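Here are the chains, one letter per residue:
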Amino acid sequence: MTLYLNGHTYKYELEHLIKMFFPLIKLGIVYNETEGDGGAVVTTLTEEDEEYRLTVTVRYEGETISRMETVSRNRTDCSAECERVFGVLIYELLESLTGTSPKWGILTGIRPVKLVSARLENGEPDERIVQEFERDYKVKPQKTKLLLETAKVERSVVSRRAENDFSLYIAIPFCPTRCQYCSFVSHSVEQAKKLIPDYLLTLRHEIRETGKIAAELGLKLKTVYFGGGTPTVLRAEQLAELFDEVRECFDLSNCVEYTVEAGRADTITAKKLAAIQNAGATRISINPQSFEDDVLEEIGRKHTAAQVIDCYHMARELGFDNINMDFIAGLKGDTLDGFKRTMETALALEPENITVHTLSVKRSSSLYQDAESLRMIRDNPTSAMVDYSQQVLEAAGYHPYYLYRQKNTLQNLENVGFCKPGYEGIYNIYIMEELQTILALGAGAVTKLVDQGSGLIERVFNYKFPYEYIGQFDEMLRRKEQVRTFYERKRLCADGAL
Ligand code: SF4
């Protein structure tokens, strides 16, 4: 399939939109050229007096259909409008040719809640937002209602933030083995075991330096998040040393949430959970992904469902009263019935948070490589799984509190964090909605500096791989200076000096 762009450059959105209909297709992009053979989406923009004329022709499996719309050249937002209209034309033509109607319409962004939040801020009523999203973006009302519910919960939680608040993210990019669907830059312990001591030394150094910067700038730490990889791949003593370093370098007196991803059951022990508890962690994540043993085996998790349940009870006995469990809809080997059983088991355990992801098939993951897997992507019941999870979780008293989309998810579906009221994972909302500065440490971590007043966001990237992070730590420290510069400039602006 080829996407032809004639007279415009709206490549990014249109390319992603076409991939929603044909997730595995190799899409060629051609600018201002005559059409060749084969399947094609031909988009043409021409200027006619007071308006732009937008034409889309789709050629697919022997059929050819076209549509045309106009956009006034006098509109102040005419570029965005042309992009939207191209999107709607392509959506409608592909919908009629393929018989599929992606539920998120032409929205391709990863943070759709932001769109709804902005409209709620402007006082728009729910019904009008639902109608607008359906008419202008082809979003199914079911999805807009989910966005509205999520946005309202988010607003009630994040309205309590102050300008100098920040969160701390610490990355442990190591895992015991690699899950089949994973494209995250994590290193298996077998390969990277030797790097861990140096990685931890470097990380502790970065914790100390960042602690100094935060103290100098008067920033207040609100949430801490240890993520991965799998932090619990570390020994209990190693975990305790890291937690101690954080306690010594940061003022935790204003911290309202401290999460440690315990992640995989094959790494969790009572000793490690005790270390996490001694750190003052308020929230842990134990991630089953599925409670079907054959699915766990298929995806390369080296633990059983029973082991996860044992870990969960062990954490409860130790006193953890805020536990998240992650699940994935669309895993290879899973069925709708299997997924329903997984949800039933999860609900019986009553964790405070349940997060349901849609499988994202990245090019680098091993799952993407074999033909049978590719067929599975198209034919599996992921959408029914996602709908089922939302229905039973809401019926059991959980509400959605954060939502995001990833590229290449099965059937373009979403990831949603549900919780019992009062147990919203605040860090998850901050990171998804980009509402608060997150100082991120470790390999692959990305610091996000957020000016809440202007909405300006700057990013500081750490080196991706542990060996680079360790080997080029001076450069890491140099980059961290951007945090100082950002806040000093913000202060000067507030004082009227800039
Ligand atoms: S535990 Fe997570 S990060 Fe580690 S390999 Fe599995 S999916 Fe990837």
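Use the structure listed above.
Residues numbered from 1 in each chain as written. Predicted model: local features only at pLDDT ≥ 70, side-chain atom pairs only at ≥ 80, totals over all residues. Heavy atoms only, no water.

A. Region of the structure containing the environment of Gly300. Tracing the chain through its elements places Gly300 in the loop between α10 (293-298) and α11 (305-318). Taking the C-alpha atoms as reference, Gly300 lies 7.8 Å from Thr177; in sequence the two are 123 residues apart. In this structure, Gly300 is in contact with Thr177 and Arg178, ignoring residues within four places of it in sequence. (Helix = DSSP H or I, 4+ residues; strand = E, 2+ residues; numbered from the N terminus. Contact = heavy atoms within 4.5 Å.)

B. Focus on the pattern of salt bridges. Applying the stated criterion across every chain yields a total of 38 salt bridges. Measuring nitrogen to oxygen at the nearest pair gives 2.9 Å for the salt bridge that ties Lys480 to Glu206. With Lys480 in helix α17 (residues 473-494) and Glu206 in helix α7 (residues 196-216), this pair connects stretches of sequence that are 274 residues apart. Classification of Glu206 by relative accessible area gives buried; the value is 0%. The network of salt bridges with common partners includes Arg111, Lys114, Glu434, Lys448 and Arg459. (Salt bridge = Lys/Arg side-chain N within 4 Å of Asp/Glu carboxyl O. Buried < 20%, exposed > 50% of the residue type's maximum accessible area, 1.4 Å probe, protein only.)

C. Spatial organisation of the packing of aromatic side chains. For the coordinates displayed, the defined rule picks out 19 aromatic pairs. Judged by centre distance (4.6 Å) and plane angle (25 degrees), the rings of Tyr225 and Tyr427 are stacked. With Tyr225 in strand β9 (residues 220-228) and Tyr427 in helix α15 (residues 426-433), this pair connects stretches of sequence that are 202 residues apart. Summarising the burial analysis for this pair, Tyr225 and Tyr427 share the class buried. (Phe/Tyr/Trp six-rings, centres within 6.5 Å; stacked < 30°, edge-to-face > 60°.)

D. Highlighting the state of the cysteines. Counted by the stated rule, this structure contains zero disulfides. The thiol of Cys255 is not disulfide-bonded; the next cysteine sulfur, from Cys249, is found 15 Å away. (Disulfide = S-S within 2.5 Å.)

E. View of the packing of helix α5 (residues 141-158) against helix α14 (residues 382-395). Taken N-terminus to C-terminus, the directions of α5 and α14 make an angle of 45 degrees; their axes are 13 Å apart at the nearest point. As judged from the angle between their axes, α5 and α14 are oblique. Crossing handedness for the pair α5 and α14: left-handed. Contacts from Gln142, Lys143, Leu146 and Glu149 of α5 reach α14 at Val386, Asp387, Gln390 and Glu394. Its residues placed into classes, the contact of α5 with α14 shows two nonpolar, two polar and four charged. (Axes fitted to C-alpha atoms, helices over the stretch in contact; angles between N-to-C directions. Parallel < 35°, antiparallel > 145°, perpendicular 65-115°, else oblique. Left-handed = near helix turned anticlockwise from the far one by under 90°. Nonpolar A, V, L, I, M, F, W, Y, C, P; charged D, E, K, R; others polar.)

F. The arrangement of the site of the ligand in detail. Residues in close proximity to the ligand total twelve residues, the closest being Cys175, Thr177, Cys179, Cys182 and Arg264. Split by residue class, the shell around the ligand holds five nonpolar, four polar and three charged. (Near = heavy atom within 4 Å.)

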